[in-house]
Amino acid sequence: MKQALLIVNLGSPDSYAVADVRRYLGEFLMDERVVDFSKWFRTFLVKGIILNTRPPKSAEAYKGIWWEEGSPLMVLSERLKEEVQAQSDIPVGLGMRYGNPSIHSAIQKLKEAHPDLETLRLIPLYPHYAMSSYETVVVKAREVVEAHFPDLELLVKGPFYDDERYLTILANSIKAALPEDYDYLLFSYHGVPERQIRYSDVSKAHCLRLDNCCAKDSPAQAFCYRHQTLATTEMVARQLDLKAGTYSTSFQSRLGPIKWLDPYTDKTIAELAQKGVKKLAVVCPAFVSDCLETIEEIGVEAREIFIENGGEDFTLIPCLNDQSDWAKLLADFGTELYAKKIETTA
């Protein structure tokens, strides 16, 4: 077999033990595309402050969502890989950007099982382009291939936020989980600092620099996380025939005092409840696998915020996880033509 498919997700600690969580957070937060400060300040911030204070709290959060089989993200990703493999004509591997199995070990495993491997087709499991998600996976994979597998051709699937097949699968998944009598649907995406949107602007004159920039055509939108998330919301809303005023977009998981994309999910949920929304549903399209950010941050923390501010019924829409139609789409992505140039802003 001369071709293989590698799907790559975010990753998870090996366990909810404080030491494993600290190790995972160290790798995650020391990534210059996640915490995009200078190396000396990032090292001071992460190793000098965050890793000395945050791991116990994060470990407790992971413990609260941990399944008997392990981390939900890892279990669901493994199930997805098996489902993709069942629908693919080429070998399928699974890697994680942080933690285990690493991208390196995943490629090594594919190479050992298929010594004649010549072409690796990479799908970052992120529908939207962001420095801290899609871009870091592609850059890391490129570094690994160049350093350890120089004879391997790497082909990359671009962001698929506007792929009609993906949008239909996402819309159908939401529809299947929506209560019939819900009042409001919130699309909550992972947050990024506003400055990362500007960094990714290839024109250096469009993103967050023009009024209503996301609605104005620009080459920058190929790399603009904000534009792509807003586009996903609107395209799915059309498929679901949602009425204006019954849905919106927000951003979660911010860190520190700097300006992140808004509106913020926690504040939005509180405001919706205060304005009289009693039955709220939340979907998290930036995540394809349920994880700490969906199960705990939205399913637990956001639910508490909603109830405390007068809400009554809260529904967390599951991620696509290992759905058969989603796995089939990934298998199809793996057999379609790919651009040989790895498109990133890096």
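Anything mentioned here points back to the structure above.
Residues numbered from 1 in each chain as written. Predicted model: local features only at pLDDT ≥ 70, side-chain atom pairs only at ≥ 80, totals over all residues. Heavy atoms only, no water.

(A) View of the sheet that holds strand 3 (residues 119-124). Strands sit in the order 2-1-3-4 across an open sheet of four strands; the sheet is parallel. Two strands in the sheet have a free side with no partner beyond their single neighbour: strand 2 (92-96) and strand 4 (153-156). Neighbour-to-neighbour, the strand axes of this sheet turn through a mean angle of 30 degrees, independent of strand direction. Looking at chain direction, strand 1 (residues 3-9) and strand 3 are connected through six bridges and run parallel. If you follow Gln3 over to strand 3, its bridge partner there is Thr119. Here helix 5 (residues 103-113) sits on the sheet in contact with strand 1, strand 2 and strand 3, set at roughly 160 degrees to strand 1. (Pairing = 2+ DSSP bridges. Helix = DSSP H or I, 4+ residues; strand = E, 2+ residues; numbered from the N terminus. Axes fitted to C-alpha atoms, helices over the stretch in contact; angles between N-to-C directions. Contact = heavy atoms within 4.5 Å.)

(B) Local environment of the packing of helix 1 (residues 18-29) against helix 2 (residues 39-53). Across the interface, helix 1 lies against helix 2 with an axial gap of 10 Å and an inter-helix angle of 160 degrees. Taken together, the axes of helix 1 and helix 2 are roughly antiparallel relative to one another. Seen along the crossing, helix 1 lies across helix 2 with a hand that is right-handed. Facing Arg22, Leu25, Gly26 and Leu29 of helix 1, the residues of helix 2 in contact are Arg42, Val46, Ile50 and Leu51. A per-class count over the contact of helix 1 with helix 2 returns five nonpolar, one polar and two charged. (Parallel < 35°, antiparallel > 145°, perpendicular 65-115°, else oblique. Left-handed = near helix turned anticlockwise from the far one by under 90°. Nonpolar A, V, L, I, M, F, W, Y, C, P; charged D, E, K, R; others polar.)

(C) Spotlight on helix 12 (residues 324-335). In this model, helix 12 (12 residues) spans 17 Å end to end at C-alpha, consistent with the 16 Å of a helix rising 1.5 Å per residue. In this structure, the buried side of helix 12 is in contact with strand 1, helix 4 (72-86), strand 3 and helix 7 (164-177). (Expected span 1.5 Å × (residues − 1).)

(D) Looking closely at empty space enclosed by the protein. Tallied over the full model, the rule gives two cavities of 30 Å³ or more. Approximately 80 Å³ is the volume found for the largest cavity. Lining the largest cavity are 13 residues; nearest its centre among them are Leu170, Cys284, Phe287, Cys319 and Leu320. Tallying contributions element by element places helix 7 first for the lining of the largest cavity, with four residues. Tallied by class, residues from the lining of the largest cavity come to 12 nonpolar, one polar and no charged. Empty space within the second largest cavity amounts to approximately 50 Å³. Taken together, Tyr129, Ala130, Met131, Val192, Gln196, Ile197, Ser200, Phe223 and Tyr225 form the lining of the second largest cavity. (1 Å grid on protein atoms, 1.4 Å probe; cavity = no way out; pocket = protein on both sides within 12 Å on 5 of 7 lines; lining within 4 Å. Points joined across faces, edges and corners; volume = space filled by probe spheres on them.)

(E) Structural detail: unusual backbone geometry. Along the chain, Asn100 connects to Pro101 via a cis peptide bond; the corresponding omega equals -5 degrees. Looking at the element boundaries, Pro101 is found in the loop between strand 2 and helix 5. Here the residue pair Asp262 and Pro263 is connected by a cis peptide bond, since its omega of 5 degrees sits within 30 degrees of zero. Within the secondary structure, Pro263 sits in the loop between strand 6 (247-252) and helix 10 (265-274). For Asp241, which is not glycine, the phi torsion reads 55 degrees and is therefore positive.

(F) Region of interest: the packing of aromatic side chains. On inspection of all chains with the given rule, the structure shows 17 aromatic pairs. Measuring from centroid to centroid gives 5.4 Å for Phe160 and Phe333, while their planes differ by 45 degrees, and the two rings are tilted. With a gap of 173 residues between them, Phe160 in the loop between strand 4 and helix 7 and Phe333 in helix 12 connect regions that are remote in the sequence. The burial state of Phe160 is the same as that of Phe333; both residues are buried. An aromatic cluster is present here, built from Phe37, Trp40, Phe41 and Phe44 joined pairwise through their rings. Seen from the ring of Phe333, Lys157 lies directly overhead, with NZ or CZ sitting 4.2 Å from the centre. The ring of Tyr264 has Arg254 lying over it, and the distance from NZ or CZ to the ring centre is 3.9 Å. (Phe/Tyr/Trp six-rings, centres within 6.5 Å; stacked < 30°, edge-to-face > 60°. Buried < 20%, exposed > 50% of the residue type's maximum accessible area, 1.4 Å probe, protein only. Lys NZ or Arg CZ within 6 Å of the ring centre and 35° of its normal.)

(G) Main features of the pattern of salt bridges. Taken as a whole, this structure holds 17 salt bridges when the rule is applied. A salt bridge links Lys81 to Glu82, with the shortest nitrogen-to-oxygen separation between them at 3.3 Å. Its relative accessible area of 47% is what places Glu82 among the partly exposed residues. Lys259 is the partner of Asp262 in a salt bridge, and the nearest nitrogen-oxygen pair spans 2.9 Å. Of the residues examined, Asp262 reaches a relative accessible area of 37% and is grouped as partly exposed. Of the residues examined, Lys259 reaches a relative accessible area of 41% and is grouped as partly exposed. Counted as one network, the salt bridges with shared partners bring together Glu194, Arg198, Lys259 and Asp262. (Salt bridge = Lys/Arg side-chain N within 4 Å of Asp/Glu carboxyl O.)

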